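Residues per chain, in single letters:
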Amino acid sequence: MSSLAVAKAPASRAASRSPAAGLSLRKAEDSSAELAAAQDAQSRPVDLSRVIKLLEGSDSIDLEKEQMKALKKVAKHFGAGLPLKDLAQVMDILNLCAEKVNEQAAFTEPLVQLIKLCGLPFLKRKFSDEMRYSETASKCIAQLGCLMRVPSSQVRIEICKCIVSFYDMEPPRKLQSGYQPTSANYKIQMAELGGLAETLVLSLALVENQLLEKLWVLKALQLLSRSGVNCSLMLKAQAASRLCLYLGDADPSGQLLFRSSDILWSLLENASKEEVVHQLSSLECVHVLKEVFVELLLHGFRRSDRQLRNDLLVLASFLAANPAAPMLESGFAELLVVLATFTEVKIPNPLLKGLKLTNSPEDFEMKRLLFNVIGVLSRNPCAAQLLSDNDVMPALLSYVKPNQKLGFYDWSAAQYEELQLHAMAVLASVAPLLVEKYLSCQANTLLLLFLEWCVSQDAFSGQGNSFHARGGHGSKLAQMRYSLRVLRSVVSLYDGAVSLSLCDQGAISQLLDILKYAADKSKEQEDAILLEIQADLLFLLSALCESDLHRKELFSHEGVDLLISFLQMDPKKIHSGLGHNHLLFTALDCLWSCVLGCSIAEDSFLQRQGIGLLLDLLALKQKNLCNIILGILVEFCDNPKTTSHISTWRGEKEQTAVSLLLELWRQEELELGVSRDQWGRIVDMKQPMAGSFQKQQEVIPLPANCPSFAIMEMSENTRAKLYCLFCKLGFEDLPVLPAEDFVTLAIIQHYLDFKVAEVWSELCEELKEEFKLVRLDKKALNVISERSEDIGRMVAAVQTEVLENQQCQEIQEEERTYARIKATPKQREMVTKSWENFLARTSNYEALKKTKRLQEKSVEAPRLKSKPQTEAAHSAGKGLGTTPGAGRLVAAGSTPGLTGGALPAGDLALGKPSAAEGALKKIKRVKRLG
């Protein structure tokens, strides 16, 4: 130790000779002394209960000094942070100090020092302390917001600084022994739990006239609004309307406008957008938004000002979507519409005098947002006159022309393409609202010319940079897509003037050419955009041709071939997700609208085997397809040539169309829960056609013009269409069917009788509820009811007879099969014995001689019987026509094999009528009787 002291002595002396070194040494000694004092203060225990009692005491000069001394001691003791276990008492001290500040300003400084402690991390001894003291911690942080009531700018600003520190927490330099800081997000979670954000919003009313304090509160709210929980709490305190009214307050720094708008954006993103819009929909808020927007539009030269202007424009578009917002009354909507079209249509407006847009990203974004506002306003019928008066239609139609290689109004080519597609998307919403303006501007002509350019060989190549240009990179598909959307929106109105204008310009032929072009493109590479284009084209053709025979004839020349190609779609693609199902449905709709009712088109469709394709689709047994296909087939059956096409169709495993239709009927009844036994026979004679849901419905008296449930049920399933189709095909001269199909066919044949019975049943129930029936009426209704049940019993009897005949036929077939099985061993035995005899004759001479003798006897026997008894029998060897004797060589013409086929024995070789044929004749006879 002495050696260490001797070695260090010269160095310390050398340092003492240097003035700078001496100064630094004194500073180090002072800081170490302060640190030691702080550690000593922290190590000394503080009786918080005594401090609370001291603050609750009566006021006096001596007591005030003691109180101040005690508060300083508390601040020093907790300089490293507040332990969770002491939070409750510390908050009591804070509240007592806050009450004294109102009377004695001297307590402001101690209160500020204690608030600073709340900005430090809370301290815990155990990991479980965070959960254990969570309620206390949340109440403690909630009290910070309540302390905003203290009329001291210093206190309020310190509270806001404390809240800001929650989101930028620094670890303490020195911790108390045995303590650890809580997790970084602990205070943020406790702030949410305690509802600090709501309290802070309410405190805005206290700092309305104090700009600096208001900015600090907004800064704290800006951080708190990152959480969805806090945003919901802020909306409970009407934060959106309060902040909106502050947007127009004077603030040279611009922070007030920036922070308020940022909080509004957070509320839109993290809380209920509907509630935010509702709070902003007052006339005062809309006026403030309008004034601030105009100020930034005319005098905002900085980039941040233009960005803020666009943010407010988004808020305005949300308000425009709310019919309750006074956008029209305040004039804000008119201002936005004029601003959206002032570069395309020259409308004098003193407010916009001298305004010029640049091709900067902010101005380009504003132009797009203004187009969006027009689209939002078009959903409000009250805005139609505003859009018409400000020439929105001509402004949007100015973009319906081939893209220029150079920029347009200082926009780049890519920017112009994006604006063009956006304008056409908005036009699809505006055009149905302004049909007269649409026609007066020759919009149909412009769109047809534009579509012609879309399929031309022009060298234009789309940029595909925006949402609306999706799928149009390197092509004109995006332009074609939105042109067709505009046409679809106006044609779907079924306005005669619009349809006539299109057809007079040859729209049907042009649309067919475009459809063929899109179909060819789709064969190269299928995508959702091309499928959507084809579906829109089919819809346009359906709407134009639906009620005009001449237009259907124009369609039939090329359209039928295209429809056939769509009906030949691979069934696996229907559920691909690209839109093939939508395309197939529009093709079926086009078939119904453009082919049915025109004999030329129908014959062309039949010649191309179109009915077979419809039945192929029907065989997929998809519920959504079956309904529309059955309706088409029923309509097609008015053409006498159709039934032969249906009869000759064969599906998988040679299934006939009749068998398919019967199968669909059984599937429909299974889904409806109709009562049938295991063989498909009628079970409920009173309601043989009712499903489980229909039986659960109570009969409610309805006006005469309202259809009952039994009638409505016919339109909700396919049974009525199947019945109509069988009525067209006929119930006789059908192909041979199994008994199960005959059972089902008996029900279908009496479908109308059963439905009439259901209507009578409902009528009886309504009459019983509304009136007291006389005896004759009761008797008449009972007769009707019994007659209906008799029909059900008769059909059930026919079904039973058919099944019994089927069972008899099966038994007869089983007996014949058993007889064949039983005769097989005997046949094998005969074949074996014949073979053995043959071998014996060819290999054993004695056996051959014996066979010869037997043969001679068989020949002589008939002769002896036919000769008179008086004549002497003569020998067979005297030259009479006897069989010559066999030599050693025997020629056998045919010899059955050991395992040869069955010999014709007994009744097995006789041709008897089939039992199945007899049963089938009996079934047909039962049908005729039925």
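Worth saying up front: this structure is predicted, and the values here are computed from it rather than measured.

Scoring rules and cut-offs
- Residues numbered from 1 in each chain as written.
- Predicted model: local features only at pLDDT ≥ 70, side-chain atom pairs only at ≥ 80, totals over all residues.
- Heavy atoms only, no water.
- Helix = DSSP H or I, 4+ residues; strand = E, 2+ residues; numbered from the N terminus.
- Buried < 20%, exposed > 50% of the residue type's maximum accessible area, 1.4 Å probe, protein only.
- Contact = heavy atoms within 4.5 Å.
- Phe/Tyr/Trp six-rings, centres within 6.5 Å; stacked < 30°, edge-to-face > 60°.
- Lys NZ or Arg CZ within 6 Å of the ring centre and 35° of its normal.
- Salt bridge = Lys/Arg side-chain N within 4 Å of Asp/Glu carboxyl O.
- Polar contact = N/O pair within 3.5 Å; in protein donor to acceptor, adjacent residues only side chain to side chain.
- Patch = residues over 30% accessible without salt bridge, like charges linked within 9 Å, V, L, I, M, F, W, Y side chains within 5 Å.
- Areas by Shrake-Rupley, 256 points an atom, 1.4 Å probe, with all protein chains shown as cover.
- Lys, Arg positive; Asp, Glu negative; His and termini not counted.
- Charge placed at Lys NZ, Arg CZ, Asp CG, Glu CD.
- Axes fitted to C-alpha atoms, helices over the stretch in contact; angles between N-to-C directions.
- Parallel < 35°, antiparallel > 145°, perpendicular 65-115°, else oblique.
- Nonpolar A, V, L, I, M, F, W, Y, C, P; charged D, E, K, R; others polar.
- Core = buried A, V, L, I, M, F, W, Y, C linked by side-chain atoms within 4.5 Å.

Novice: Describe the overall build of the chain, with residues and values.
Specialist: Each helix and strand in the chain was counted, giving 44 helices and two strands. Residues classed as buried in the chain amount to 46% of the 930 residues present. Looking at the chain alone, contacts between residues at least 24 apart form 76% of all its contacts between residues at least 6 apart.

Novice: Now, about the packing of aromatic side chains: what can you tell me, with residues and values included?
Specialist: The geometry of two aromatic rings is summed up by the distance between their centres and the angle between their planes. Taken as a whole and assessed by the stated rule, the structure comprises eleven aromatic pairs. Here Phe 605 and Phe 636 contribute two aromatic rings whose centre-to-centre distance is 5.2 Å and whose plane-to-plane angle is 25°, an arrangement assigned as stacked. With a gap of 31 residues between them, Phe 605 in helix H32 (residues 599-607) and Phe 636 in helix H34 (residues 623-636) connect regions that are remote in the sequence. Side by side, Phe 605 and Phe 636 carry an identical accessibility label, which is buried. Note on Phe 726 and Phe 731: the rings are 6.0 Å apart at their centroids and 15° apart in plane angle, and the pair reads as stacked. Residue Phe 731 is classed as buried on the basis of its relative accessible area, which comes to 13%. Every member of this aromatic cluster is reached through a ring pair, and the members are Phe 371, Tyr 399 and Tyr 416. In this arrangement the basic side chain of Lys 187 is found over the ring face of Phe 122, its NZ or CZ atom lying 4.4 Å from the centre. The ring of Trp 453 carries Lys 476 above its face, with NZ or CZ at 4.7 Å from the centroid.

Novice: Summarise the pattern of salt bridges; cite the residues concerned and give the values.
Specialist: Between side chains of opposite charge, pairing is possible as soon as their charged atoms come close. Considering all chains together, one arrives at 37 salt bridges under this definition. With a shortest N-O distance of 3.1 Å, Lys 214 and Asp 249 are connected by a salt bridge. With a gap of 35 residues between them, Lys 214 in helix H12 (residues 211-224) and Asp 249 in the loop between helix H14 (239-246) and helix H15 (255-270) connect regions that are remote in the sequence. Here Asp 249 falls in the partly exposed class, since its relative accessible area comes to 31%. In this structure, Asp 790 and Arg 793 form a salt bridge, with 2.5 Å as the shortest nitrogen-oxygen distance. With Asp 790 and Arg 793 both in helix H42 (residues 775-843), this residue pair falls three residues apart, about one helical turn. Shared partners join several salt bridges into a network, and the residues in it are Glu 669, Arg 676, Glu 713, Arg 719, Lys 755 and Glu 758.

Novice: Provide a residue-level description of the side chain of Glu 344, including the pertinent values.
Specialist: If you trace the backbone, Glu 344 turns up in the loop between helix H19 (332-341) and helix H20 (361-377). For Glu 344, the side chain forms a polar contact with the side chain of Lys 367, separated by 3.1 Å.

Novice: Break down the environment of Thr 744 for me, citing the residues and quoting the values.
Specialist: Within the element layout of this structure, Thr 744 appears in helix H40 (residues 739-749). Relative accessible area serves as the criterion here: at 5%, Thr 744 is assigned to the buried category. Here the alpha-carbon distance between Thr 744 and Ile 682, two residues 62 residues apart in the chain, equals 9.6 Å.

Novice: How would you sum up a positive patch on the surface? Please name residues and give values.
Specialist: On the surface, Lys 686, Lys 768, Lys 772 and Lys 778 cluster together into a patch of positive charge. As for its position among the elements, Lys 686 is in the loop between helix H36 (657-672) and helix H37 (692-696). Judged by its relative accessible area of 60%, Lys 686 falls in the exposed class.

Novice: How would you summarise unusual backbone geometry if you had to cite specific residues and measurements?
Specialist: A positive phi angle, close to 55°, is found at Gln 442, a residue other than glycine. Topologically, Gln 442 is positioned in the loop between helix H24 (435-440) and helix H25 (443-454). Overall, Gln 442 belongs to the partly exposed group, its relative accessible area being 48%. Its identity as a non-glycine residue notwithstanding, Lys 621 has a phi of 60°, on the positive side.

Novice: How would you summarise the environment of Leu 369 if you had to cite specific residues and measurements?
Specialist: Of note, Leu 369 is situated in helix H20. Once the C-alpha coordinates of Leu 369 and Val 314 are considered, the two residues, 55 residues apart in sequence, prove to be 7.0 Å apart. Those residues within four positions of Leu 369 in sequence are excluded, and the remaining contacts are Asn 310, Leu 313 and Val 314.

Novice: Residue-level account of H19, with values.
Specialist: Counting buried positions along H19 gives nine out of ten residues, so the element sits mostly inside the fold. Next to the buried residues of H19 lie helix H17 (283-299), helix H18 (303-320), H20, helix H21 (384-389) and helix H22 (392-397).

Novice: Which residues make up the environment of Val 658, and what values do they have?
Specialist: Tracing the chain through its elements places Val 658 in helix H36. According to the relative accessible area criterion, Val 658 is buried, its value standing at 8%. Between the C-alpha atom of Val 658 and that of Val 736, which follows or precedes it by 78 residues, the distance is 10.0 Å. When neighbours within four sequence positions are excluded, Val 658 is seen to be in contact with Phe 726, Leu 734, Pro 735 and Leu 737.

Novice: Explain the packing of helix H16 (residues 273-280) against H18 residue by residue, including any values.
Specialist: Orientation of H16 relative to H18, taken along the N-to-C sense of each, is 90°, at an axis distance of 10 Å. Judged by the angle between their axes, H16 and H18 are roughly perpendicular. Residues Lys 273, Val 277 and Leu 280 of H16 lie in contact with H18, whose contacting residues are Leu 315, Phe 318 and Leu 319. Considering only residue class, the contact of H16 with H18 consists of five nonpolar, no polar and one charged.

Novice: Report on the nonpolar core, specifying residues and quantitative values.
Specialist: One finds Leu 267, Met 327, Phe 605, Leu 614 and Leu 618 to be the most contacted residues of the largest nonpolar core, which totals 259 residues. The residues touching Phe 605, leaving out its near neighbours within four places in the chain, are Val 560, Ile 564, Leu 567, Leu 591, Val 595, Gly 610, Ile 611, Leu 614 and Phe 636.

Novice: Let's hear about the side chain of Lys 100: which residues, and what values?
Specialist: For Lys 100, the position within the fold is in helix H5 (residues 87-101). Judged by relative accessible area, Lys 100 falls into the buried class, the value being 9%. In this structure the side chain of Lys 100 is engaged in a polar contact, spanning 3.2 Å, whose partner is the backbone oxygen of Leu 55.

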